[in-house]
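Each chain, written out:
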Amino acid sequence: MNARAPWREERACAIVAEHRHLRGSLLPILHALQEEFGCIDQAAVPLLARELNLSRADVHGVVSFYHEFRRTRPGRHTVKVCRAEACQSMGCDDLVSHIERSLSVSLGGTTADDAFTVESVFCLGNCALSPAVMVDERLYGRVDARRIDAILGATLAAETAR
Amino acid sequence: MTAFEASNPEITVYVPRDAAALSVGADEVADAIRAEALKRGLPVRLVRNGSRGMLWLEPLVEVATASGRIAYGPVAPEDVSTLFETGFPTSCDHPLCLGPTEEIPYLRNQERLTFARCGVIDPLSVADYRSHSGFRGLERALSLTPAEIVAEVLESGLRGRGGAGFPTGIKWRTVLDARADQKFICCNADEGDSGTFADRMIMEGDPFLLVEGMTIAGIAVGATEGYVYIRSEYPHAIATMREAIRLARAEGWLGERIHGTEHTFHLDVRVGAGAYICGEETSMLESLEGKRGMVRAKPPLPALEGLFGKPTVVNNVLSLTSVPVILEKGAAHYRDFGVGRSRGTLAFQLAGNIRRGGIVEKAFGVTLHELLYEFGGGTASGRPIRAVQAGGPLGAYLPESQFHLPKDYEAFAAVEAMVGHGGIVVFDDSVDMARQARFAMEFCAAESCGKCTPCRIGAVRGVEVMDRIIAGDSVAKNIALLQDLCEVMTDGSLCAMGGMTPIPVRSALKHFPEDFARTPDRAAAE
Ligand SMILES: Cc1cc2nc3c(=O)[nH]c(=O)nc-3n(C[C@H](O)[C@H](O)[C@H](O)COP(=O)(O)O)c2cc1C
Ligand code: SF4
Ligand code: FES
Ligand code: FES
């Protein structure tokens, strides 16, 4: 489940304070902010620029350079489908089409019920058990259409079980 | 069948915690074994080991017996009750029983130096690591001068396992000879190449080995601080490395005055953020400094002006994890493996459409044919192998006629191919090589750092040209255009991202021209 706390300036400042002693602290801070708020909120850019003595353009440049950092809040779960060569050799393109069709969403988008944000990634390090998918931080191997339906179903079921 | 130690009624059962094993249900299998043992009142001690690297057999369950470990796999959670019904864990009568783990040909026929402990020990037990000769390399290093350590690594013939194959000893000597108030060791654990997972597996299965290798590097060059830069796609490896560093520090293997000596080494994990280019060493250094991962021009070499401008060793995980055994057993022992100027072993990774995917650690000189058929057993789909991509997304596509090639840096370079990080991705005869060439361009367009035009713009043009070829539109003209584009990218790019993307494209075109010979009718029919 993605953490998606609403933006709070005090909380963001506390996160910055926790990590600013690190060398090259901007990336660790961005990771920590995204872990709390689900994305890098627009308000984070001026705050980080001020706190770390950088220009807004510098901060924005870093946020936009890395694929991992999002600018908008994701759905409750993130589904990362590997689209790199080893997974291609085992049919990940069909898997992607199946997911897009069955969830009525395209890569990069979030389902209408806000349950899943579906993203493509290049390699999850599970290339001997392709196709590979990661749902939140759980890795799955040998994923076909049937298996992804079961995995996503179980992900939702686990939500209501809690 | 097997004799179990009568004196020790507790039975040790191993279920891997490796991410690949978890991806096919290892946690569920571990839970089922725990529950079933409890129900039957059997004294089972469960150890969550790394993976043995026979990934098609995951989850691979092992039982410790007096005559060695017995393997079962692949075990599904629903197999667990029938396993116990047939006498598991004290007898091996189930169809899933594979006999002694070490006798499985895939494992028996390997030469494991770096992966010797992976899957054998509890990855987060310093005691287990020690009892399997862990930290012996570091102990020896602590008794040597820095110059002696560097000489040992140089003599071993070890070359960088991250891709470029640069001699590790020479890099270390450059950093040792540099004068500075501060030096760094940076481990490149960005492992972005499709078809590679050896860095991940060793970090999850034997993390103290990386701690040991980096500490030796620190002592060798006079660096007191190190970073492991791990890609964000590897949450399990990140957690395991962080815990291993904490444990090593608690037991005096890291930190101030290591085991009472005058040597100090601090180690920290940093996490990438989904950028393939950050595997390029200067881009990684920028990222570690908290910046965009823009590639730096070389010179200056990172060895002289690296992290925060200080002399820095940048090495791949597999380079650093090869060092402890070199120090422990001596350079000659390591050097005795391999051929020509490719010394030692490499952990090859069999990936994609392969029946028996996993890690095969072999001395250099093994042929692709042996890896693909004797170890790999052909494709997973049962169809013929048509192409393999060796050495990651910037590596060549090779046809069957080149499978006799020995895995050796020079032999591969001679045919414009790459050993790289040892990844081998297999495709069966349903592959469309024009689409693979298109993907190489698409990948470059998505992952370019943007510093140079031939890479940033060239790759986008490359996708467009490939789209026209695939559509059967003026094919001959567009292939000529593609060749020109490849030349511009090769000659005009600052780093290998733009500079080597033409390799998969050109090799696909050269070896599989029939896939490019399209007509509009054929495109319409598809
Ligand atoms: C685009 C690109 C991506 C790279 N990715 C990696 C990587 O993921 N891991 C790695 O160790 N080296 C990677 N390299 C190679 C590094 O630049 C560098 O040569 C290596 O980390 C040096 O360590 P070694 O000598 O131990 O191999 C990459 C190079 C390029 C050009
Ligand atoms: S070749 Fe591409 S990735 Fe490399 S420096 Fe140039 S733009 Fe960046
Ligand atoms: S290519 Fe998909 S997991 Fe590596
Ligand atoms: S380095 Fe600037 S255009 Fe190539």
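It should be emphasised that the depicted structure is a prediction, and the values quoted were computed from it without experimental measurement.

Caption draft 1: Structural context of the domain arrangement of chain A. The domains assigned to chain A are domain 1 (9–65) and domain 2 (77–161). Here the C-alpha centre of domain 2 of chain A lies 29 Å away from the C-alpha centre of domain 1 of chain A.

Caption draft 2: Looking closely at the interface of chain A and chain B. If you look at the interface, chain A gives 37 residues, while chain B gives 62 residues. Contact between chain A and chain B buries roughly 3,800 Å² in total, counting both sides, with carbon and sulfur atoms accounting for 56%. Across the chain A-chain B interface, the total number found is three salt bridges. Remark: the boundary between chain A and chain B carries 28 residue pairs in polar contact (both at pLDDT 80 or more).

Caption draft 3: Expanded view of the packing of helix α9 (residues 198–205) of chain B against helix α10 (residues 207–221) of chain B. All names here are of chain B. Running from N to C, α9 and α10 cross one another at 100°; their axes reach a closest spacing of 5 Å. Considering the angle they form, α9 stands roughly perpendicular to α10. Every residue of α10 that contacts α9 at I202, M203, E204 and G205 is listed here: P207, L209 and L210. Split into classes, the residues belonging to the contact of α9 with α10 amount to five nonpolar, one polar and one charged.

Caption draft 4: Molecular detail of the packing of aromatic side chains. Residues and elements named next belong to chain B. Scanning all chains against the criterion turns up 19 aromatic pairs over all chains. Measuring from centroid to centroid gives 4.0 Å for F135 and W253, while their planes differ by 5°, and the two rings are stacked. Of the two residues, F135 sits in the loop between α5 (126–131) and α6 (136–142) while W253 sits in the loop between α11 (235–250) and β8 (266–271), which places them 118 residues apart along the sequence. We classify W253 as buried; its relative accessible area is 6%.

Caption draft 5: Expanded view of a nonpolar patch on the surface. On the surface, a cluster of nonpolar side chains totalling about 230 Å² of accessible area is made up of L154, F166 and I170 of chain B. Checked against the element boundaries, I170 of chain B lands in helix α8 (residues 168–177).

Caption draft 6: Seen up close, the environment of E243 of chain B. Residues and elements named next belong to chain B. For E243, the location among the structural elements is in helix α11. Given the relative accessible area of 27%, E243 is considered partly exposed. On a C-alpha basis, the gap between E243 and D31 in space is 23 Å, while along the polypeptide they are 212 residues apart.

Rules behind the numbers
- Residues numbered from 1 in each chain as written.
- Chains lettered and ligands numbered in written order.
- Predicted model: local features only at pLDDT ≥ 70, side-chain atom pairs only at ≥ 80, totals over all residues.
- Heavy atoms only, no water.
- Domains from an automatic or database assignment.
- Contact = heavy atoms within 4.5 Å.
- Buried area = accessible area lost by both parts, 1.4 Å probe.
- Salt bridge = Lys/Arg side-chain N within 4 Å of Asp/Glu carboxyl O.
- Polar contact = N/O pair within 3.5 Å; in protein donor to acceptor, adjacent residues only side chain to side chain.
- Axes fitted to C-alpha atoms, helices over the stretch in contact; angles between N-to-C directions.
- Helix = DSSP H or I, 4+ residues; strand = E, 2+ residues; numbered from the N terminus.
- Parallel < 35°, antiparallel > 145°, perpendicular 65-115°, else oblique.
- Nonpolar A, V, L, I, M, F, W, Y, C, P; charged D, E, K, R; others polar.
- Phe/Tyr/Trp six-rings, centres within 6.5 Å; stacked < 30°, edge-to-face > 60°.
- Buried < 20%, exposed > 50% of the residue type's maximum accessible area, 1.4 Å probe, protein only.
- Patch = residues over 30% accessible without salt bridge, like charges linked within 9 Å, V, L, I, M, F, W, Y side chains within 5 Å.
- Areas by Shrake-Rupley, 256 points an atom, 1.4 Å probe, with all protein chains shown as cover.

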